[in-house]
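Descriptive analysis of the structure
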Amino acid sequence: MVIEEVSQVTFILGANLAELFHSLSGDAVKRYTEMQLYHHPFSLDSQKVRLALEEKGVDYSSHRLNPLKARNLDLDFFSMNLSEKIPVFKNAELVIFDTLSIIEYIDSINAPLGGDVVDREKMLEWMKKIDEWNPKLFTLMHVPKKYILFFSRFKRRVIIARMAESHELAGKYHLKLQDAYATEDQLKDPDALNHSKELLINLLDDADNQLAESSYLSGEEFSMADAMFVPILARIEVLNKGDEYISSRTHLSDYWSRVKKRPSYHAVIGKYFSGWRKYRSLYSTYFAVWVRNLFRRY
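Every value quoted in this text rests on a predicted model; they were computed, and no experiment measured them.

**Some points on the packing of aromatic side chains**
This structure, assessed with the given rule, holds 17 aromatic pairs. Considering the side-chain rings of F78 and Y173, the 4.1 Å spacing of their centres and the 20 degrees angle between planes classify their relative orientation as stacked. Residue F78 is found in helix α4 (residues 75-80), and its partner Y173 is found in helix α9 (residues 170-186); the two are separated by 95 residues along the sequence. Across the pair, exposure class does not vary: F78 and Y173 are buried alike. For the pair W256 and Y265, a centre-to-centre distance of 5.6 Å together with 85 degrees between the ring planes defines the contact as edge-to-face. Both residues of the pair, W256 and Y265, count as buried. What links up through ring pairs into an aromatic cluster is the set Y147, F150, F151 and Y286. The ring of W126 carries the charged tip of K129 above its face, separated from the ring centre by 4.4 Å. Residue placement shows R258 over the ring face of Y216; its charged tip is 5.2 Å from the ring centre.

Written as structure tokens, this is what we have:
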């Protein structure tokens, strides 16, 4: 995958984008015909953005970068995005790295999702609350240790290989190597793990209480808050923790049953992770990484 260079690029890392959205709305937005998304189905934040795009019916070019294969560390992508995080959204001269900002931008295209039925102030509150929870530790604490070691060792080898390939970016890659070790240390810290779990429980409890009053998080129609929240429930189910975290909450469980029937859910998550599909998705990646390890193709 090669990223085309663009001139006069506007980089958005996360800020108050109201003025930008206003300036790019209407006819200006319609002129942008080549929206691009760098993402992967395994990435929870990527799922949030893709759900937003699917719900709004926005056309875009898809560039998939499997983080378990360390494709987000390839030189072409890393030179554009030193955080190595996905998703990244591009629309002509505009490049946005922050997930919340991407979704706010998508919602500004034409009519907002859910229309006037949605409580916009409540929606933004929910979006910020959902964005504050980082799923990394919760996910890793429920993955068998042998798989964590397998993929983390592979990632470290890839980083070292990229450091050798690019002396200009070697220092930035070295920071990613430190991040990898830091994550392994966090997984040994019970306080960090419990904190992640507590934040999730609080988020789910708040959602269950809200769903006792309305069909969706911000009213009676599906909104961008729901687009951000649904992937969290999907991740819980993929980790086989649905009974503990979803089914035990009556209103949340009913909501989950409903949102899984939406076409956007099938397109973004269901086709990769429903039932047996999750094993096909995960084991195909495992085998690809095993082969690269075997032939030392980092």
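What follows continues from the structure just given.
**Focus: the packing of helix α3 (residues 44-56) against helix α14 (residues 263-273)**
Where α3 meets α14, the closest approach of the two axes is 7 Å, and the angle between their N-to-C directions is 140 degrees. The angle between the axes of α3 and α14 places the two elements in the oblique class. Residues Q47, R50, L51, E54 and E55 of α3 form the contact with α14, whose own contacting residues are S264, Y265, A267, V268, I269, Y272 and F273. Taken together, the residues that form the contact of α3 with α14 break down as 7 nonpolar, 2 polar and 3 charged.

**As for helix α8 (residues 145-165)**
Side chains three or four residues apart in an α-helix point the same way, a direct result of the helix having 3.6 residues per turn. With 21 residues, α8 extends 30 Å between its outermost C-alpha atoms, agreeing within 8% with the 30 Å of an ideal straight helix rising 1.5 Å per residue. Residues of α8 that are buried include every one of I148, F150, F151, S152, F154, R156, V158, I159 and R162, and no others. Along its buried surface, α8 packs onto α4, α7 (136-141), α9 and α15 (277-294).

**Brief notes about the confidence of the model for the protein**
Residues at a pLDDT of 70 or more form 89% of the protein, whose mean pLDDT is 91. In the predicted structure, residues 1-10 sits below a pLDDT of 50 and forms 21 contacts with residues beyond four places in sequence or in another chain. The model gives residues 25-32 a pLDDT under 50, and that stretch makes 9 contacts with residues more than four places away or in other chains.

**Observations concerning a nonpolar patch on the surface**
Taken together, the side chains of F287, W290, L294 and F295 make up a nonpolar region of the molecular surface, amounting to roughly 480 Å² of accessible area. Tracing the backbone shows L294 in helix α15.

**A short note on the pattern of salt bridges**
One pass over the structure, following the stated rule, counts 14 salt bridges. With a closest N to O distance of 3.9 Å, K56 and D107 form a salt bridge. Here the residue K56 occupies a position in helix α3, and D107 occupies one in helix α5 (residues 99-107), the gap between them amounting to 51 residues. For the pair K56 and D107, one class covers both residues: buried. One salt bridge in this structure joins R71 and D74, with 3.8 Å as the shortest N-O distance. Given the relative accessible area of 33%, R71 is considered partly exposed. Within this structure, R71, D74, R162 and E165 form a network of salt bridges that share partners.

**Looking at the side chain of R50**
Assignment of secondary structure puts R50 in helix α3. No salt bridge is formed by the buried R50. Its closest oppositely charged neighbour is E54, at 4.1 Å. With sequence-adjacent residues up to four places away left out, R50 is seen in contact with L37, H39, Y60, A267, V268 and Y272.

**Details of the pairing of strand β4 (residues 88-91)**
Every second residue of β4 is oriented toward a common face, with V88 and K90 on one face and F89 and N91 on the other, all of them buried. Pairing of β4 with strand β5 (residues 94-96), which is carried by 3 bridges, proceeds in the antiparallel orientation. What sits directly across from K90, in β5, is V95.

**Digging into the packing of helix α10 (residues 190-211) against helix α13 (residues 250-259)**
Between α10 and α13, whose axes approach to 7 Å, the crossing angle comes to 80 degrees. Considered as vectors, α10 and α13 are oriented roughly perpendicular to each other. Here L204, A207, D208 and L211 of α10 come into contact with α13, specifically with T250, H251, L252 and Y255.

Thresholds applied
- Residues numbered from 1 in each chain as written.
- Predicted model: local features only at pLDDT ≥ 70, side-chain atom pairs only at ≥ 80, totals over all residues.
- Heavy atoms only, no water.
- Phe/Tyr/Trp six-rings, centres within 6.5 Å; stacked < 30°, edge-to-face > 60°.
- Helix = DSSP H or I, 4+ residues; strand = E, 2+ residues; numbered from the N terminus.
- Buried < 20%, exposed > 50% of the residue type's maximum accessible area, 1.4 Å probe, protein only.
- Lys NZ or Arg CZ within 6 Å of the ring centre and 35° of its normal.
- Axes fitted to C-alpha atoms, helices over the stretch in contact; angles between N-to-C directions.
- Parallel < 35°, antiparallel > 145°, perpendicular 65-115°, else oblique.
- Contact = heavy atoms within 4.5 Å.
- Nonpolar A, V, L, I, M, F, W, Y, C, P; charged D, E, K, R; others polar.
- Expected span 1.5 Å × (residues − 1).
- pLDDT = per-residue confidence, 0-100.
- Patch = residues over 30% accessible without salt bridge, like charges linked within 9 Å, V, L, I, M, F, W, Y side chains within 5 Å.
- Areas by Shrake-Rupley, 256 points an atom, 1.4 Å probe, with all protein chains shown as cover.
- Salt bridge = Lys/Arg side-chain N within 4 Å of Asp/Glu carboxyl O.
- Lys, Arg positive; Asp, Glu negative; His and termini not counted.
- Pairing = 2+ DSSP bridges.

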